[in-house]
Amino acid sequence: MKKQFLSFALVLISFMSFSQTSYEKVMKEKIDKIEAGKKAEEFQILANDFQRIADKEKGKWLPSYYTAYSYIQKGRILMRENKVQGLDEVADQAQIYLDEAKGFENNAEIQLLQKMIYSLKMMVNPMERYMTFGMKATEQLASAEKLDPNNPRIALIKAEDVYFTPEQYGGSQSKGIELFKRALEKFDSYKPKTDLDPNWGKSEAEYFVNQTVK
């Protein structure tokens, strides 16, 4: 009887180990596609993929986090293409999965995504929504920075905000590029907890640093 129990336990441990390895492999494959994404449709596919992983891997925050992030990236592409009429729907989808992630974890990475969701909502109509979603975005960024002041992604998003804010409202491209440089310094020293933890953003900071200020 003891031998049977031991054999069952070993099989169970082996299965759990295989399942964890399979999960990590699939997640890493999808995460690697994030940096390569260029089109809104590509990020919709990634969002669907991460959502399916989240449905299978109950209790893990990262699949829901990356689902939300994929929707945010889709929204940022729509914003650059001036398709702001679709931002509310995309932001609402991102919020659903970010709320799921919050149910398991509430760290600076999650709070930063919340800031980005508020920013997407604001960009539907900046003049009308700044005092609501714009202020919420600013507060959320400050909250994330308090939790993890050395996080390079927080520095990256701060740099973006300054870079794209008109000078009459306190922003400028030159100030933004200096902040992108600081973000790069943080990327060089900041280490994610695991291979699956958020590690996006360095290539974007490098892109802006290499731009010539007009």
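In the block above lies the structure referred to throughout.
The following refers to the structure shown. (Residues numbered from 1 in each chain as written. Predicted model: local features only at pLDDT ≥ 70, side-chain atom pairs only at ≥ 80, totals over all residues. Heavy atoms only, no water.)

Of regular secondary structure, the protein chain possesses nine helices and zero strands. Reading the protein chain from its N terminus to its C terminus gives the helix and strand order α-α-α-α-α-α-α-α-α. Expressed as a percentage of its 214 residues, the buried residues of the protein chain come to 41%. Carbon and sulfur atoms form 54% of the exposed surface of the protein chain, whose accessible area is close to 12800 Å². (Helix = DSSP H or I, 4+ residues; strand = E, 2+ residues; numbered from the N terminus. Buried < 20%, exposed > 50% of the residue type's maximum accessible area, 1.4 Å probe, protein only. Areas by Shrake-Rupley, 256 points an atom, 1.4 Å probe, with all protein chains shown as cover.)

Quick look at the pattern of salt bridges now. Considering all chains together, one arrives at 15 salt bridges under this definition. The shortest N-O distance in the salt bridge between Glu57 and Lys60 comes to 3.0 Å. Where Lys181 meets Glu178, a salt bridge forms, and the shortest distance between an N and an O atom there is 3.4 Å. You can see Lys181 and its partner Glu178 sitting in helix α8 (residues 173-189), three residues apart, about one turn around the helix. The network of salt bridges with shared partners includes Asp88, Asp92, Lys121 and Arg129. (Salt bridge = Lys/Arg side-chain N within 4 Å of Asp/Glu carboxyl O.)

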